[in-house]
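Understanding the architecture of this molecule
Listed here are the chains, written in short residue letters.
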Amino acid sequence: MKHQKHISNSNKEKGWLVIVDLVGDLNEDAWNMLYCSCKQLIPSTSKIIIANRSAKIIEFGTTQALNMKCLSLEASWYFFKTIAFGSTDPKMHPRFAHVAMEIAKLLDGGLIGLNTVACLLRDNFDICFWCKVLDFLTKLVQNLVSKFGVHPFDLMNQNKPVHLSRMANPFEYLVFYCEYQRYSHEEVPKIRLDDVVYGSFKARGKSEFLAWISPIPPYYSYVVTCEVRELKRRAAKRKRST
């Protein structure tokens with residue numbers, strides 16, 4: 001709205017496309033204020049698109065909602081292998097290709113997860129390490145699905161707390177709280193999330209970690225808030241003296 005005075009008179013009657021990308025939930029009062037402002041300041045032929053991870057925004061729409069789904073298995077595998085193998089033909093490394101395909105299936109089409117793990121494998125082109133990552137992710141997903149009945153990435157996409165294991169340190173775990181975007185000019189954490197989950201980086205307490213930087217405009221950085229905790233070890237039972 002602040003740039004409206006710079007628009008030529010010939011363009012004022014043309015319809016606008018307003019896209020609102022919500023970080024959190026949208027309440028009715030905030031929506032009414034935005035909607036009334038739009039009705040007064042932009043042409044009646046304009047359209048407003050609201051994007052949000054929560055299904056609550058459906059009630060504010062005047063048309064049927066469009067659900068953006070994760071990548072299909074075929075698309076996610078193409079995306080994953082392109083990053084993990086680069087210019088190398090996966091057929092030249094059948095063992096690596098088999099492990100990579102199993103990992104891609106476990107990531108369930110999540111774009112950030114596919115990109116993060118694929119970059120990790122690319123930088124550690126070792127079959128033992130790849131198998132270790134596969135074993136780690138298999139146990140992690142199976143454990144969370146058995147507890148909550150849904151894939152852990154489904155919970156993370158809804159910004160719900162999720163307990164994640166650490167591959168390098170089985171006596172510590174991460175509590176995932178939320179993920180949000182930052183613009184390209186904003187400062188981001190120096191510690192990457194994959195260094196904490198898959199590496200031996202020492203961290204303790206609640207902090208922000210860099211999950212991914214998008215390579216396409218507007219070059220958002222995706223930052224997560226997590227807390228590193230130590231597992232409570234059961235004390236050995238003392239033997240009774242006879």
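Everything quoted here is computed from the prediction, not taken from an experiment. All residue numbers here refer to positions counted from 1 along the written sequence of the relevant chain. Totals for whole chains, interfaces and linings use all residues, but because this is a predicted model, local features are given only for residues with pLDDT of at least 70 and pairs of side-chain atoms are given and counted only at 80 or more. As a rule here, side-chain values cover all heavy atoms of the structure and leave hydrogens and water aside.

Under the DSSP-based scheme used, a helix requires at least four consecutive residues in state H or I and a strand at least two consecutive residues in state E, with every element numbered from the N terminus. Each helix and strand counted, the protein chain has 8 helices and 6 strands in total. Along its sequence from the N terminus, the protein chain presents helices and strands in the succession α-β-α-β-α-α-α-α-α-β-β-α-β-β. Any pair of residues with heavy atoms lying within 4.5 Å of one another is described as a contacting pair. Expressed as a percentage of contacts within the protein chain between residues at least 6 apart in sequence, the contacts between residues at least 24 apart total 63%. Working definition of accessibility: Shrake-Rupley area with a 1.4 Å probe, residue cover restricted to the visible protein chains. Per element, the accessible surface of the protein chain, about 16,700 Å² overall, is 55% carbon and sulfur.

Glancing now at the pattern of salt bridges. Note on definitions: salt bridges are taken to be side-chain nitrogens of Lys or Arg within 4 Å of carboxyl oxygens of Asp or Glu. Enumeration according to the criterion identifies 9 salt bridges in this entry. For E172, the salt bridge identified is with R166, shortest N-O distance 2.6 Å. Burial status follows relative accessibility: with a 1.4 Å probe on protein chains alone, a residue under 20% of its type maximum counts as buried, one over 50% as exposed, and anything between as partly exposed. The exposure class of R166 is buried, given its relative accessible area of 4%. Between R204 and E172 there is a salt bridge; the shortest N-O distance is 2.5 Å. With R204 in the loop between α8 (193–197) and β5 (205–213) and E172 in strand β4 (residues 172–182), this pair connects stretches of sequence that are 32 residues apart. Residues joined in a network through salt bridges with shared partners are R166, E172, R204 and E230.

Take the side chain of S46 next. As for its placement among the helices and strands, S46 is situated in the loop between α2 (28–41) and β2 (47–51). Owing to a relative accessible area of 14%, S46 belongs among the buried residues under this scheme. At a separation of 2.8 Å, a polar atom in the side chain of S46 contacts the main-chain amide nitrogen of W16. Discounting residues that sit within four places of it in the chain, S46 has contacts with G15 and W16. Polar contact criterion, stated in full: a pair of N or O atoms within 3.5 Å, where within protein one must be able to donate a hydrogen and the other to accept it, and residues adjacent in sequence count only if both atoms are side-chain atoms.

Side-chain atoms within 4.5 Å link the members of a nonpolar core, which is a set of buried Ala, Val, Leu, Ile, Met, Phe, Trp, Tyr and Cys residues. F80, I103, W130, V133, L137 and Y198 are the most contacted members of the largest nonpolar core, which totals 50 residues. Considering each element in turn, this core owes the most residues, 10 residues, to helix α6 (residues 127–148). Setting aside anything within four residues of it in sequence, one finds V133 in contact with I103, V117, L120, L121, M167 and Y198. Judged by nonpolar contacts, the second largest core, of 9 residues, contains V20, L22, L26 and I57.

Look at helix α5 (residues 111–123) against α6: their axes get within 9 Å of each other, and the N-to-C directions meet at 155°. Between α5 and α6, the interaxial angle falls into the category roughly antiparallel. Along its contact with α5, which presents V117, L120 and L121, the element α6 presents F129, W130 and V133. Its residues assigned to classes, the contact of α5 with α6 shows 6 nonpolar, no polar and no charged. Fitted lines through C-alpha atoms serve as axes, helices being fitted only where they are in contact, and the angles separating the N-to-C directions of these axes extend from 0 to 180 degrees. For this classification, under 35 degrees means roughly parallel, over 145 means roughly antiparallel, 65 to 115 means roughly perpendicular, and everything else is oblique. Residues were grouped as follows: Ala, Val, Leu, Ile, Met, Phe, Trp, Tyr, Cys and Pro as nonpolar; Asp, Glu, Lys and Arg as charged; and all remaining residues, including Gly, as polar.

Here we take up the packing of helix α4 (residues 94–106) against α6. At a closest axis distance of 10 Å, the pairing of α4 and α6 adopts a crossing angle of 25°. By the angle between their directions, the pair α4 and α6 is classed as roughly parallel. In this structure, the crossing between α4 and α6 has a hand that is left-handed. Along its contact with α4, which presents R95, F96, V99, A100, E102, I103 and L106, the element α6 presents I127, W130, C131, V133, L134, L137, T138 and V141. In this scheme, a crossing is called left-handed if the near helix is turned counterclockwise away from the far one by less than a right angle; it is called right-handed if the turn is clockwise.

Each aromatic ring pair is characterised by the separation of its centres together with the angle its planes make. Pairing of aromatic rings covers Phe, Tyr and Trp, the last counted by its six-membered ring, and requires centre-to-centre distances within 6.5 Å; plane angles under 30 degrees mean stacked, over 60 mean edge-to-face, and any other angle means tilted. In total, this model carries 9 aromatic pairs according to the counting rule given. Here the aromatic rings of F85 and F125 are separated by 6.2 Å at their centres, their planes lie at 80°, and the arrangement is edge-to-face. In this pair, F85 is assigned in helix α3 (residues 73–85) and F125 in the loop between α5 and α6, connecting sequence segments 40 residues apart. On the basis of relative accessible area, F125 is assigned to the partly exposed category, the value being 38%. Summarising the aromatic geometry, the rings of F125 and W130 are spaced 5.3 Å apart at their centres and angled 80° between planes, so their arrangement reads as edge-to-face. A relative accessible area of 0% places W130 in the buried class. Linked through ring pairs, F85, F96, F125 and W130 together constitute an aromatic cluster. Only lysine NZ and arginine CZ atoms are considered, and such an atom sits over a ring when it is within 6 Å of the ring centre and within 35 degrees of the ring normal. Its guanidinium or amino end placed over the ring of Y177, K206 lies 4.4 Å from that ring's centre, counting from NZ or CZ.

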